[in-house]
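One letter stands for each residue in the lines below.
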Amino acid sequence: GFVDSLGAGWGISAPAVFHFGSDEMRMKVGSQLLKGDKWSALAISEPFAGSDVAALRCTAEKTPDGKFYMVNGLKKWITEGMYSDYFVTAVRTGKTGTPKDVSMLLVERGPGLDTKQIKTT
């Protein structure tokens, strides 16, 4: 029901921050999520691949200085994505065609990241 859906995006994305994030990420982002100051969503599904992770088209390449990733692609059907501050995002970082090409990145909402609501009824 309605109450069960509240926090669903957070409930499926925040564990990745706590289990796989750095100490710094857990302290900064994790505490914001636990206090309810920020929201997160799991961003895996894509328009062309659905939830088939092996067929992901969204890519991430390191910037020339190697400090950041530039993410390019589309995600769709992201629970609570309209108002999330962080997105635990599956991206393709390699070109070998193997599962090792897929990485998870924490993407903070900012310039260049657009969301829109999808009408379902």
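Everything here concerns the structure above.
Residues numbered from 1 in each chain as written. Predicted model: local features only at pLDDT ≥ 70, side-chain atom pairs only at ≥ 80, totals over all residues. Heavy atoms only, no water.

**Remarks on the packing of helix 2 (residues 8-20) against helix 3 (residues 23-35)**
Here is step 1: One can describe the packing of helix 2 onto helix 3 by two numbers: an axis separation of 9 Å at closest approach and a directional angle of 155 degrees. Regarding the angle of helix 2 to helix 3, the classification is roughly antiparallel. Where helix 2 crosses over helix 3, the two elements pack in a sense that is left-handed. On helix 3, the residues that touch W10, A14, V17 and F18 of helix 2 are M25, R26, V29, G30, L33 and L34. (Axes fitted to C-alpha atoms, helices over the stretch in contact; angles between N-to-C directions. Helix = DSSP H or I, 4+ residues; strand = E, 2+ residues; numbered from the N terminus. Parallel < 35°, antiparallel > 145°, perpendicular 65-115°, else oblique. Left-handed = near helix turned anticlockwise from the far one by under 90°. Contact = heavy atoms within 4.5 Å.)

**What about the layout of surface pockets?**
In this approach the atoms are scanned with a rolling probe the size of a water molecule, which exposes any empty space left behind.
Here is step 1: In this structure, the largest pocket spans a volume of roughly 1,600 Å³.
Here is step 2: Surrounding the largest pocket, 45 residues form its lining, F87, T89, V107, L113 and T115 being those nearest its centre.
Here is step 3: Of all the secondary structure elements, the ones that give two or more residues to the lining of the largest pocket are helix 3, strand 3 (69-72), strand 4 (86-92) and strand 5 (102-108).
Here is step 4: Its residues placed into classes, the lining of the largest pocket shows 22 nonpolar, 13 polar and 10 charged.
Here is step 5: Taken as a whole, the second largest pocket encloses approximately 160 Å³ of empty space.
Here is step 6: If you go around the second largest pocket, the residues you meet are A16, V17, F20, G21, S22, M25, V88, M104, L105 and L106.
Here is step 7: Among the elements of the structure, helix 2 and strand 5 are those that each provide at least two residues to the lining of the second largest pocket. (1 Å grid on protein atoms, 1.4 Å probe; cavity = no way out; pocket = protein on both sides within 12 Å on 5 of 7 lines; lining within 4 Å. Points joined across faces, edges and corners; volume = space filled by probe spheres on them. Nonpolar A, V, L, I, M, F, W, Y, C, P; charged D, E, K, R; others polar.)

**Description of helix 2**
Here is step 1: Taking 1.5 Å of rise per residue, 13 residues should cover 18 Å, and helix 2 covers 19 Å from first to last C-alpha, within 8% of that figure.
Here is step 2: Among the residues of helix 2, those classed as buried are G9, S13, A14 and V17.
Here is step 3: Turning to helix 2, the residues buried within the fold contact helix 3, strand 1 (40-43), strand 4 and strand 5. (Expected span 1.5 Å × (residues − 1). Buried < 20%, exposed > 50% of the residue type's maximum accessible area, 1.4 Å probe, protein only.)

**Considering the side chain of T89**
Here is step 1: When you line up the elements, T89 lands in strand 4.
Here is step 2: Within polar-contact distance, the side chain of T89 engages the backbone oxygen of F87 at 3.0 Å.
Here is step 3: Apart from the residues within four sequence positions on either side, T89 is in contact with A43, K75, S103, M104, L105 and V107. (Polar contact = N/O pair within 3.5 Å; in protein donor to acceptor, adjacent residues only side chain to side chain.)

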